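# Structural characterization, general
Now for the letters of each chain:
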2 protein chains.
Amino acid sequence: MYEDMFIHLQKIIRTMLPDNTEKMEEAAYMLRAISNGTRLQVIATLSEKEELSVSQLQEQLNCEQSLLSHHLTDMRAKGVLNCRREGKNCYYSLKNKQIIQILNCINSCNCN
Amino acid sequence: MYEDMFIHLQKIIRTMLPDNTEKMEEAAYMLRAISNGTRLQVIATLSEKEELSVSQLQEQLNCEQSLLSHHLTDMRAKGVLNCRREGKNCYYSLKNKQIIQILNCINSCNCN
DNA sequence: AAAATAATTTCATATTTTTTAATATATTAT
DNA sequence: ATAATATATTAAAAAATATGAAATTATTTT
């Protein structure tokens, strides 16, 4: 559905004004695609391992097969992840590594 | 409940590893506190106007009274917003302006 | 071709989140 | 004290999301 969720979200945020209800809804919709423990784990794992099959992810995350597949399918549909089939396996990777920055930027803000 | 959602989220992210399920869940929980159109609107509006009463926000966002109140109450509980009573009015403000950076950083990342 | 493996899909259920309506509380104005 | 205004709370309904089980598809191995 979405080519690249990060770029998409970025575009929305760039052009959004507080009173633009639609844009805000869309940005929220994108954020919700990652606002889940398992999904954050997927993102964090793939930021380290580059590419992993569903079963490899399953092992790492200790997540039930079907549930993980549901999450992966949806994250792919929303442009968070990429998927490549090789034989029996499906290898998932981050569509855009910059998505990690959503986490990193929070990390690197100089607070007081 | 949470003193400052941003700081809290920051701490979690700083110390989180892909395999730390609990931390990931907590980070996701925090992100969900802002992954909603109305809530993003509140944040964006308060980043411009500093402090607004519920009815002022209501007007700006064109959001039903009770619904807005629910959102505000929850965002306050999760440390996103601050609230100050003055007479009949309750003035809400961002607890930590850096929360805008969650949006801004997405905006300012140099892509590809 | 049958069995095995990897992953997705479908469907039903559970849980969470959002929304609405009605009521309650707190403060100020009359 | 009563009425009016601003906001919060409670309770219920509606909508969205997450979860798990079973069936299905795709590919490889035997």
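Coordinates for the structure precede this section.
Anyway, here's the lowdown on the structure attached to this text. (Residues numbered from 1 in each chain as written. Chains lettered and ligands numbered in written order. Predicted model: local features only at pLDDT ≥ 70, side-chain atom pairs only at ≥ 80, totals over all residues. Heavy atoms only, no water.)

## Considering the packing of helix H3 (residues 37-49) of chain A against helix H4 (residues 54-61) of chain A
All names here are of chain A. Which entries qualify depends on this criterion: Angular values range over 0 to 180 degrees, each being the angle between N-to-C directions of two axes fitted as lines to C-alpha atoms, with helices fitted over their stretch in contact. Helix numbers and strand numbers start at the N terminus; a helix is a DSSP run of H or I with at least 4 residues, a strand a run of E with at least 2. When describing relative orientation, an angle under 35 degrees is termed roughly parallel and one over 145 degrees roughly antiparallel, while 65 to 115 degrees is termed roughly perpendicular and anything else oblique. In this scheme, a crossing is called left-handed if the near helix is turned counterclockwise away from the far one by less than a right angle; it is called right-handed if the turn is clockwise. Any two residues whose heavy atoms approach within 4.5 Å at even a single point are treated as in contact. Three categories are distinguished: nonpolar for Ala, Val, Leu, Ile, Met, Phe, Trp, Tyr, Cys and Pro, charged for Asp, Glu, Lys and Arg, and polar for the others, with Gly belonging to the last.
Packing of H3 against H4 leaves a shortest axis separation of 11 Å and a crossing angle of 115°. Taken together, H3 and H4 sit at an angle that is classed as roughly perpendicular. The hand of the H3/H4 crossing is right-handed. Here H3 contributes Thr-38, Gln-41, Val-42, Thr-45, Leu-46 and Lys-49 to the contact with H4, which in turn contributes Leu-57, Gln-60 and Leu-61. For the contact of H3 with H4, the per-class residue count stands at four nonpolar, four polar and one charged.

## Notes on the protein's contact with DNA strand C
The test is simple: The nearness test applies per residue and asks whether one of its heavy atoms lies within 4 Å of the molecule or strand. Counting of polar contacts relies on pairs of N or O atoms within 3.5 Å, with two restrictions inside protein: one atom must be capable of donating a hydrogen and the other of accepting it, and residues adjacent in sequence are counted only when both atoms are side-chain atoms.
Ser55(A), Gln65(A), His70(A), Tyr92(A) and Asn36(B) are the nearest of the 22 residues found near DNA strand C. Backbone polar atom of Val54(A) to a phosphate oxygen of DNA strand C: 3.1 Å apart, as the coordinates give it. Between Asn89(A) and DNA strand C, the recorded distance is 3.0 Å, taken from a side-chain N or O atom to a sugar or linking oxygen. Counting residues per element, the ones that place at least two in the surface near DNA strand C are H4, helix H5 (65-77) and strand E3 (89-94) of chain A together with helix H5 (65-77) of chain B. For the surface near DNA strand C, the element with the most residues is H5(A), which contributes five residues. A breakdown of the residues in the surface near DNA strand C according to their chemical character gives four nonpolar, 13 polar and five charged.

## Comments concerning the protein's contact with DNA strand D
Near DNA strand D you find 23 residues, and of these Ser66(A), His70(A), Ser55(B), His70(B) and Tyr92(B) are the closest. Within 4 Å of the protein, the contacting atoms of DNA strand D are 62% sugar and phosphate, with bases supplying the remainder. Measuring from a base oxygen of DNA strand D, one finds a side-chain N or O atom of His70(A) at 2.5 Å. Side-chain polar atom of Gln65(B) to a base nitrogen of DNA strand D: 3.1 Å apart, as the coordinates give it. Every element with two or more residues in the surface near DNA strand D is listed here: H5 of chain A together with helix H4 (54-61), H5 and strand E3 (89-94) of chain B.

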